[in-house]
Amino acid sequence: MSEPPASARLTAQGSFIAQAADHSTATVNVYQHVRPQVVEAAVLDAAQQLLAALPLDNVPPPATLPAGSRVPYARNPLFVGREPDLRRLAGVLKGGGTAAIGQIAAATGLGGIGKTQLAAELAHRYGRYFAGGVFWVSCADPAVIPAEVAACGGAGALDLRPDFASLKQDDQVLLVAAAWQGPLPRLLIFDNCEDPELLARWRPPSGGARVLVTSRRAAWDPALGVAALPLDALPRPESVALLRRLRPDVSADDPDLDGIAAELGDLPLALHLAGSFLATYRFSEAGSPAALLAELRRPGLLDHSSLQGLGAGLSPTGHEQHVARTFTLSYRCLGDPRETLGIQALARAARFAPGEPIPRALLKKTFASSENTAADLAAERALQRLNDLGLLETDAAGALRLHRLLACFVDTLGADPDAADAVEEALFAEAARINREGFPAPLRPWFGHLRHVAAGAESRGGKGAGPLWNELGFHLGSAGDYIEARNAYEAALRIDEAGLGPDHPKVAIAVNNLGHALHVLGDFPGARAACERALRIDEAAYGPDNPHVAIRINNLGRILQDLGDFTGARAAYERTIRINEAVYGPDHPKVAIAVNNLGVVLQDLGDLPAARLALERALRSHEAAYGPDHPRVAVAVNNLGLVLHDLGDLAGASAAFVRALRINETAYGPDHPEVSTSVNNLGRALQVLGDLPGARAAFERALQIDETALGPDHPNVAIRVNNLGLILRELGNVPGARAAFERAARIFEAALGPDHPKTCLARKNLAALDRGA
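Note that the structure is predicted; figures quoted are calculated from it, not measured. (Residues numbered from 1 in each chain as written. Predicted model: local features only at pLDDT ≥ 70, side-chain atom pairs only at ≥ 80, totals over all residues. Heavy atoms only, no water.)

Trainee: Just checking my understanding: could you explain the packing of helix α29 (residues 673-688) against helix α30 (residues 692-710) for this structure?
Mentor: Where α29 contacts α30, the two axes come as close as 8 Å, and the packing angle between them is 160°. One element, α29, and the other, α30, form an angle in the roughly antiparallel class. Crossing of α29 against α30: the hand is left-handed. Of α30, the residues touching α29 (which contributes Pro673, Val675, Ser676, Val679, Asn680, Gly683, Arg684, Leu686 and Gln687) are Leu692, Gly694, Ala695, Ala698, Phe699, Arg701, Ala702, Ile705, Asp706 and Ala709. Per-class residue counts for the contact of α29 with α30 are eleven nonpolar, five polar and three charged. (Axes fitted to C-alpha atoms, helices over the stretch in contact; angles between N-to-C directions. Helix = DSSP H or I, 4+ residues; strand = E, 2+ residues; numbered from the N terminus. Parallel < 35°, antiparallel > 145°, perpendicular 65-115°, else oblique. Left-handed = near helix turned anticlockwise from the far one by under 90°. Contact = heavy atoms within 4.5 Å. Nonpolar A, V, L, I, M, F, W, Y, C, P; charged D, E, K, R; others polar.)

This is the structure:
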């Protein structure tokens, strides 16, 4: 390799910092005063062929770095995994791009995620393909970058001139810049480069050098052409492998290692520290995986000695061996008083379920006003600042995530005493709004947050705990998870009874909702007792003709109907209608709910014309209130279809069932019990129309949905099984039909008793099959 002539090496003298107006700092790009180093054609050709041989489909083994390289870190023998990340970075670098190891998906710039470790591993595995050498520059302190760059040109590195050490630092930097801007392929690693201006100043604007950046920053100015590649926390198998590098005597399938990795959120730094602790204290009971896992699960996770570097030994990259202090390096950057909004945003993000995506709009509701554009822009700037510091991560959809260890760290700071109340209030308000609108799907991704925040409110004695558990129960029920809904309602009831006493009207709400969950789960006696208790509380509190009382009466009517007491159910619905009509008028949606239920019980009583009139009235009210595609409209449409079916209008019934199915699939997804109801009813219509294969497919789909959502012994499952038995009988599958009727009868009898009409119907079908009828 030839050197540039002396006249090309030094064409400018002086500092790289110029004075700007108002005492600010103006930067001068070092490369504007240098000419690229000249490289002989044969040398360049060989270097380019070597780079072309860099593999992209596999990760090469470690190898010696090219002569003249300056990489301060030896390869870490504990490094595990990350092969997809290494291959992606290698692809960007081979193509001539600038790659930034900063995470845009799961752990954006988080301290301890392993950015520097990954860069060092890449250098030792791929560095051999860069003939011009590999050069490591620490950008953590901008003031020492010139010294870092200059060190790349002296003895033991590029060795650009015999008298290099005697030159002024500015001249040394210019010589290195001339070499880096030449055509020879080199790999430059700018470690901890957080400022885009630093990258713009020190990255060669042309030539054969490739640049790899490690940074907490996820977003880069497009003009820099940076390919910011996602670096997530370790996959669980790799986390366990890292722990076993330090404790190879522990089995790979030891569940405690998996548990430790889960508690630490698969963060490489924390895993390294925990593994080192296990190794150091391997002959002590405290150093067993089970003991460490138990300690990590106690409050004060970050206070455990394993995460404070006790027994950790040397850091392969010289980084801080203390998880909390590693996070502190980023958090201290929020010390400026102008960062108050960022501190609030981070403190409130820490109150959500750690590690789960937080909807951006929801987080902003906890710390920023939505009244004007200026406030929203200020909130966005605060979130971007947190992203740039690696304290929050943003996914492709804009949702935000906080690592579980970082959430623990932020929570210990206590920087925002209003954080818990703000998050509880915002989350409850959004959940209640979605409840009122009647479309549950938007809240499904939030269930983890709602549960986490409700549990946190309960543990700290917050006033919002009961309402939060109640809202969670409602939305779990809307999603078809009735067992968890029951558990949430029980928590709400426990909290409200303790705080308000057994006869408070708010207790009646929790009791009523618990009764609904028990009803859906098939515990009709328990549901009836709950609804009757809620009714007694509200009648005592409000009097007999209050809308609150009407809700309890209506719900009791539904239980009486399922228990076979159609006369009692009819009386309950008619009383509900009278109360609500007096309060709201005849066309209100609350009236329509009871009118719909009255129509269903009139069908059970055999009065089909009256049932049809009631259901058509309910449908008109719901369509007027909610529009044609609301789930409450689907209920009325479905019930009207059943009456049309019994009246012999099969075409009208089929059209109604198809419409209800379309609405429910859109609102709830394909596997919700409401969808099962529509599918089952469509199957009945197909059966009467003679489409037995279509009917069988419908009943089997409905059965699969309900078994998954409600369990194998729920009365709704028995309905699907009974209907499937009817189809199997018509198809000539007598053994299959008999098994279906027997199963339906067993379920009905266990849930409803031996004399319930549905139990009798299943037995009747079985007897007819035995008679050959």
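Read on, since the account is not over.
Trainee: Sorry if this is basic, but what is going on with the packing of helix α21 (residues 505-520) against helix α22 (residues 524-542) here?
Mentor: When two helices pack together, their arrangement is given by the angle between the helix axes and by the axis-to-axis distance. One way to put it is that α21 packs onto α22 with a least axis distance of 8 Å and a crossing angle of 160°. Judged by the angle between their axes, α21 and α22 are roughly antiparallel. Considering how the two elements wind past one another, α21 and α22 form a crossing that is left-handed. Residues Pro505, Val507, Ala508, Val511, Asn512, Gly515, Leu518 and His519 of α21 form the contact with α22, whose participating residues are Phe524, Gly526, Ala527, Ala530, Arg533, Ala534, Ile537, Asp538, Ala541 and Tyr542.

Trainee: Can you help me understand unusual backbone geometry in this one?
Mentor: Across the chain, the bulk of peptide bonds are trans and the bulk of non-glycine residues have phi less than zero. Although it is not a glycine, Asp159 sits at a positive phi angle of roughly 50°. Assignment of secondary structure puts Asp159 in the loop between α5 (145-151) and α6 (169-180). Using a relative accessible area of 44% as the deciding quantity, one classes Asp159 as partly exposed. (Buried < 20%, exposed > 50% of the residue type's maximum accessible area, 1.4 Å probe, protein only.)

Trainee: Could you clarify how one ought to interpret helix α27 (residues 631-646) in this entry?
Mentor: Side chains three or four residues apart in an α-helix point the same way, a direct result of the helix having 3.6 residues per turn. Here α27 spans 23 Å end to end across 16 residues, near enough to the 22 Å set by a 1.5 Å rise per residue. Most of α27 is tucked away: 13 of the 16 residues are buried. Just past α27, the residue Gly648 takes up positive phi, approximately 90°. (Expected span 1.5 Å × (residues − 1).)

Trainee: Would you mind going over the packing of aromatic side chains with me for this structure?
Mentor: Given two aromatic rings, one states the distance between the centres and the angle between the planes to describe the pair. Taken as a whole, this structure holds one aromatic pair when the rule is applied. Plain terms: the ring middles of Phe135 and Trp180 are 6.1 Å apart, the flat faces sit at 50° to each other, and that makes the pair tilted. Here Trp180 lies in helix α6 and Phe135 lies in strand β4 (residues 134-138), a separation of 45 residues in the sequence. Trp180 shares its class with Phe135; the two are buried. (Phe/Tyr/Trp six-rings, centres within 6.5 Å; stacked < 30°, edge-to-face > 60°.)

Trainee: Sorry, what's going on with the pattern of salt bridges here?
Mentor: Close approach of charged atoms allows side chains with opposite charge to pair. The tally for this structure, following the rule as stated, stands at 32 salt bridges. With its nearest N and O atoms 3.0 Å apart, the salt bridge here joins Glu380 to Arg360. Of this pair, Glu380 sits in helix α15 (residues 373-388) while Arg360 is found in helix α14 (residues 360-367), placing the two residues 20 residues apart along the sequence. Given a relative accessible area of 23%, Glu380 falls into the partly exposed group. Put simply, Glu665 and Arg701 hold a salt bridge, and the shortest N to O gap is 2.7 Å. Of the two residues, Glu665 is situated in helix α28 (residues 650-668) and Arg701 in helix α30; the sequence distance between them amounts to 36 residues. For Glu665, a relative accessible area of 31% puts it in the partly exposed group. The class for Arg701 is partly exposed, based on a relative accessible area of 28%. Connected through salt bridges with shared partners, the residues Arg360, Lys364, Asp376 and Glu380 form a single ionic network. (Salt bridge = Lys/Arg side-chain N within 4 Å of Asp/Glu carboxyl O.)

Trainee: Help me understand the nonpolar core in this model?
Mentor: Nonpolar side chains tend toward joint burial in soluble globular proteins. Formed by 126 residues in total, the largest nonpolar core has its most connected members in Leu346, Leu363, Leu392 and Leu402. Here this core takes nine residues from helix α32 (residues 734-752), the largest share from any one element. If we ignore the near neighbours within four places in the chain, the residues touching Leu363 are Ala345, Arg348, Ala349, Phe352, Ile358, Leu383, Leu392 and Leu400. Listed in part, the 35 residues of the second largest apolar core include Ala178, Leu188, Trp220 and Val226. (Core = buried A, V, L, I, M, F, W, Y, C linked by side-chain atoms within 4.5 Å.)

Trainee: I keep staring at the pairing of strand β5 (residues 186-191) and nothing clicks. Help me out?
Mentor: Within β5, six of the six residues are buried, which leaves the element mostly enclosed by the surrounding structure. On β5, burial covers both faces: Arg186, Leu188 and Phe190 on one face and Leu187, Ile189 and Asp191 on the other are all buried. Of the pairings in the sheet, the one linking β4 to β5 comprises five bridges and is parallel in character. The partner of Ser138 across the bridge, within β5, is Asp191. Sheet topology places β5 next to strand β6 (residues 209-214); five bridges connect them, and they run parallel. Bridged to Leu187 within β6 is Arg210. Traced from β5 through helix α7 (residues 196-202) to β6, the parallel crossover comes out right-handed. (Pairing = 2+ DSSP bridges. Right-handed = clockwise from strand over helix to strand, strands pointing away.)

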